[in-house]
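# Secondary and tertiary structure notes
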Amino acid sequence: MTPVEQKIAAVILHQPMQVTEWTIANLAAQAQVSQASISRFCHNLKLAGFHALKIELAKIVGVNSNLEKNEPTSVTNFLTQVSQGKSAEIQQTLANFANEQINQVLERLLNCRILQVAGQGNTFPVAADAVYRLIN
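Everything numeric in this text was worked out from a predicted model, so none of it was measured.

What counts as what
- Position numbers for residues count from 1 along each chain, tracking the sequence in the order it is written.
- At least 70 in pLDDT is required for a residue's local features to be given in this predicted model, at least 80 for side-chain atom pairs to be given and counted, and no such filter applies to totals for whole chains, interfaces and linings, which use all residues.
- With hydrogens and water stripped out, all remaining heavy atoms of the structure feed into the side-chain values.
- Helix and strand assignments follow DSSP, with helices taken as H or I runs no shorter than four residues and strands as E runs no shorter than two, numbered in order from the N terminus.
- By definition in these notes, contact holds between two residues if any of their heavy atoms fall within 4.5 Å.
- Working definition of accessibility: Shrake-Rupley area with a 1.4 Å probe, residue cover restricted to the visible protein chains.
- Think of a salt bridge as a Lys or Arg side-chain nitrogen and an Asp or Glu carboxyl oxygen that are within 4 Å of each other.
- Here the term buried applies to any residue with accessible area under 20% of the maximum for its type, exposed to any over 50%, and partly exposed to those in between, with areas from a 1.4 Å probe on protein chains only.
- For every element, the axis is a line fit to its C-alpha atoms; helices are fit only across the contacting stretch, and the angle between N-to-C directions ranges from 0 to 180 degrees.
- An angle counts as roughly parallel when it lies under 35 degrees, as roughly antiparallel when it exceeds 145, as roughly perpendicular when it falls between 65 and 115, and as oblique in every other case.
- Residues grouped as a nonpolar core are buried Ala, Val, Leu, Ile, Met, Phe, Trp, Tyr and Cys residues, joined through side-chain atoms within 4.5 Å.
- Each helix should span, by expectation, one fewer than its residue count multiplied by 1.5 Å.
- This arc is taken over the directions from the axis of the helix to the C-beta atoms.
- Note on patches: the residues involved have over 30% relative accessible area and no salt bridge, like charges join within 9 Å, and the nonpolar side chains Val, Leu, Ile, Met, Phe, Trp and Tyr join within 5 Å.

The next thing to look at is the overall build of the chain. The secondary structure content of the chain amounts to 8 helices and 0 strands. Each helix (α) and strand (β) of the chain, taken in turn from the N terminus, gives the series α-α-α-α-α-α-α-α. Considering only contacts within the chain whose residues lie at least 6 apart along the sequence, 47% involve residues at least 24 apart. Carbon together with sulfur atoms contributes 56% to the accessible area of the chain, which is approximately 10100 Å² in total.

See the structure below:
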């Protein structure tokens, strides 16, 4: 790696969870490099760009943090813990909306011809996940 790439890698390795929430400008500032250097770093890793790097980091950090926090003894326990966490997230989301609002949203989703999903900054991984889940 070049010295610039080493600076970027050092920041990522020391703060992987934070990097998943940063913009490219935040990472560039922390590593004291240009935003173009971040893009080149990502492309050298055979990634489409910074957002792809964040998605890959989120996958790795998510798995590692779940394993460290919960210390599952088996794959079944791990999947049960993930399922319970997702269930709690859904219940919290539903608690913030009236049933009528949820039904209206679902009706529009079911009847739409084209659905555009957008994300900016640290919401891009969520938008990318939504696209992945909605494509049939």
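With the rule as written, the count across this model stands at 2 salt bridges. With its nearest N and O atoms 3.2 Å apart, the salt bridge here joins lysine 59 to glutamate 56. Here lysine 59 and its partner glutamate 56 are both found in helix 5 (residues 50-70), 3 residues apart, which amounts to about one turn of the helix. The class for glutamate 56 is partly exposed, based on a relative accessible area of 34%. The shortest N-O distance in the salt bridge between arginine 133 and aspartate 129 comes to 2.8 Å. Residue arginine 133 and its partner aspartate 129 are both found in helix 8 (residues 124-134); the two are separated by 4 residues, about one turn of the helix.

Between helix 1 (residues 3-14) and helix 3 (residues 24-31), the shortest axis-to-axis distance is 9 Å and the interhelical angle comes to 110°. Considered as vectors, helix 1 and helix 3 are oriented roughly perpendicular to each other. Every residue of helix 3 that contacts helix 1 at Lys7, Ile8, Val11 and Ile12 is listed here: Leu27, Gln30 and Ala31.

Turning next to the nonpolar core. Judged by nonpolar contacts, the single largest core of 17 residues is most densely connected at Ile8, Ile12, Leu27, Ile38 and Leu53. If you list the elements that add at least two residues to this core, you get helix 1, helix 3, helix 4 (35-44) and helix 5. With 4 residues, helix 1 is the largest single contributor of residues to this core. Not counting residues up to four positions away in its chain, the partners in contact with isoleucine 8 are Leu27, Ala31, Val33, Ser37, Ile38 and Phe41.

Further remarks concern helix 1. Taking 1.5 Å of rise per residue, the 12 residues of helix 1 would be expected to cover 16 Å, and the 17 Å separating its terminal C-alpha atoms lies within 8% of that figure. Taken residue by residue, helix 1 has Glu5, Ile8, Ala9, Val11 and Ile12 as its buried positions. Relative to the axis of helix 1, the buried residues are bounded by an arc of 160° and lie together on one face. Across helix 1 from its buried face, at more than 90 degrees, point the exposed residues Pro3, Leu13 and His14.

Inspection of the secondary structure puts threonine 2 in the segment before helix 1. Residues threonine 2 and phenylalanine 41, spaced 39 residues apart in sequence, show a C-alpha to C-alpha distance of 9.7 Å.

In this section: the side chain of serine 37. Relative to the helices and strands, serine 37 is located in helix 4. Take serine 37: its relative accessible area is 11%, and that puts it in the buried class. Non-local contacts of serine 37, meaning those with residues more than four positions away in its chain, are made with Val4 and Ile8.

Further remarks concern a nonpolar patch on the surface. Judged by side-chain polarity, Val105, Leu106, Leu109, Leu115, Val117, Val131, Leu134 and Ile135 come together as a nonpolar surface patch covering roughly 650 Å² of accessible area. Elements with a minimum of two residues in the nonpolar patch: helix 7 (99-111) and helix 8. The leading source of residues in the nonpolar patch is helix 7, at 3 residues. Among the structural elements, leucine 115 can be located in the loop between helix 7 and helix 8. The exposure class of leucine 115 is partly exposed, given its relative accessible area of 41%.

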